[in-house]
Amino acid sequence: MEPEQAEHLSQLHSRITSWFTRNARPLPWREPDCSPWGVLVSEVMLQQTPVVRVLPVWQEWMQRWPEPAALAAEPSGEAVRAWGRLGYPRRALRLHAAATAIVTEHGGLVPDTHAALLTLPGVGDYTAAAVAAFAFGQRETVVDTNIRRVHARLVTGNALPSQSLTAAEMRLAVSLLPDDDAGSVAWNASVMELGALVCTARNPSCEDCPVLADCAWVRAGRPEPHYVPKGQAWHGTDRQVRGAMMAVLREAEGPVLRDLLLAGPVDLAAGQETVTTPLAALHALSAPQEQLERALNGLVRDGLAELSGDGLRLPA
DNA sequence: AAGCCGTGGGC
DNA sequence: TGCCCAAGGCT
């Protein structure tokens, strides 16, 4: 690297990490006394879920299951129930399975290497890097959606990162990472926070950006994205039905009659049900019988629910 | 290797 | 209102 480039990179590091020290949100999993287990739980909960919704659930989990062994000692259904409405409940299942693996394979301690973390259920490349960096202070190339977006704008000059993580993006992230452990950890956390608070997907607050003058995207006149993100369908999908069924199971004390879950639109007409309970909400979807059965079978197949007599319940 | 997998807040 | 998006992972 040319000396000028090294100097420029060094300035980016100091500007963004300095911004972080002044603007970072006080999140409990960033506190020095937070355990690696706490960091791992936070990272999994934060997969595709906003911080504000994670906060209260993470607090409950840490109080109830302060270490992996505590969670592993309970049925996976308890993890799913305590997951509440965070979404993607299979993450709760995977966290429970990860806790079990940590107990059986790692003596109850969250592993401290990227490779070992990667073997845990629900831990992919991002989460493994994040835990190694934030829980164990290691130099890791952390690449999440926030970091990718900041890199795309600041360096590449694009409005958004590519639709899937490319080798070029990975190389760029590696090239930007500070050489020392502490510096790299601070850099990862800082760029991520910048993406979450300032360099947001929509309506970025460029006036608050510590590296506005260096931004290739702004310099290029803020060109539009190269593509239009295709939104995920929701209404009428299996996911919607599965979600409604899970809401019923979470709220229920014990098994819920299968026939109650599978009640089709036919029953809706006769009933005086108002949409104030999860079951009423499920029925209000008026999903076809075939879809209801497919959704139910899917939940069982994925381990989110199990059959119990003529009913369905969270794994006990 | 695209498509699937929840949920709710903000614009 | 409806649509987009949020610290991804798995198959």
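Cut-off values and rules
Residues numbered from 1 in each chain as written. Chains lettered and ligands numbered in written order. Predicted model: local features only at pLDDT ≥ 70, side-chain atom pairs only at ≥ 80, totals over all residues. Heavy atoms only, no water. Near = heavy atom within 4 Å. Polar contact = N/O pair within 3.5 Å; in protein donor to acceptor, adjacent residues only side chain to side chain. Helix = DSSP H or I, 4+ residues; strand = E, 2+ residues; numbered from the N terminus. Nonpolar A, V, L, I, M, F, W, Y, C, P; charged D, E, K, R; others polar. Pairing = 2+ DSSP bridges. UniProt positions renumbered as here; feature names shortened; annotations may be inferred.

**Q** Would you mind going over the protein's contact with DNA strand B with me for this structure?
**A** Close to DNA strand B lie 18 residues; Arg53, Arg85, Arg90, Arg239 and Arg242 are nearest. For DNA strand B, the fraction of atoms within 4 Å of the protein that belong to sugar or phosphate moieties is 59%. Contact distances for DNA strand B include 2.7 Å between a base nitrogen and a side-chain N or O atom of Gln232. Of the residues forming the surface near DNA strand B, the biggest block, 4 residues, is contributed by helix H13 (residues 238–251). Of the residues belonging to the surface near DNA strand B, the class tally is 4 nonpolar, 6 polar and 8 charged.

**Q** What is the right way to read the sheet that holds strand S3 (residues 311–313) from this model?
**A** Adjacent strands of a sheet pair through backbone hydrogen bonds, lying either parallel or antiparallel. Strand order in this open sheet of 3 strands is S1-S3-S2, and the pairing throughout is antiparallel. Of all the strands in the sheet, the pair left with one neighbour each is strand S1 (256–257) and strand S2 (306–308). Both S2 and S3 contribute to a ladder of 3 bridges, which runs antiparallel. Directly across from Glu306, in S3, lies its bridge partner Arg313.

**Q** Mind showing me how you'd approach the UniProt feature "domain: HhH-GPD" (unreviewed entry) in chain A here?
**A** When the UniProt feature table is mapped to this numbering, "domain: HhH-GPD" (unreviewed entry) covers residues 45–197. With 65% helix and 0% strand, residues 45–197 has end C-alpha atoms that lie 19 Å from one another.

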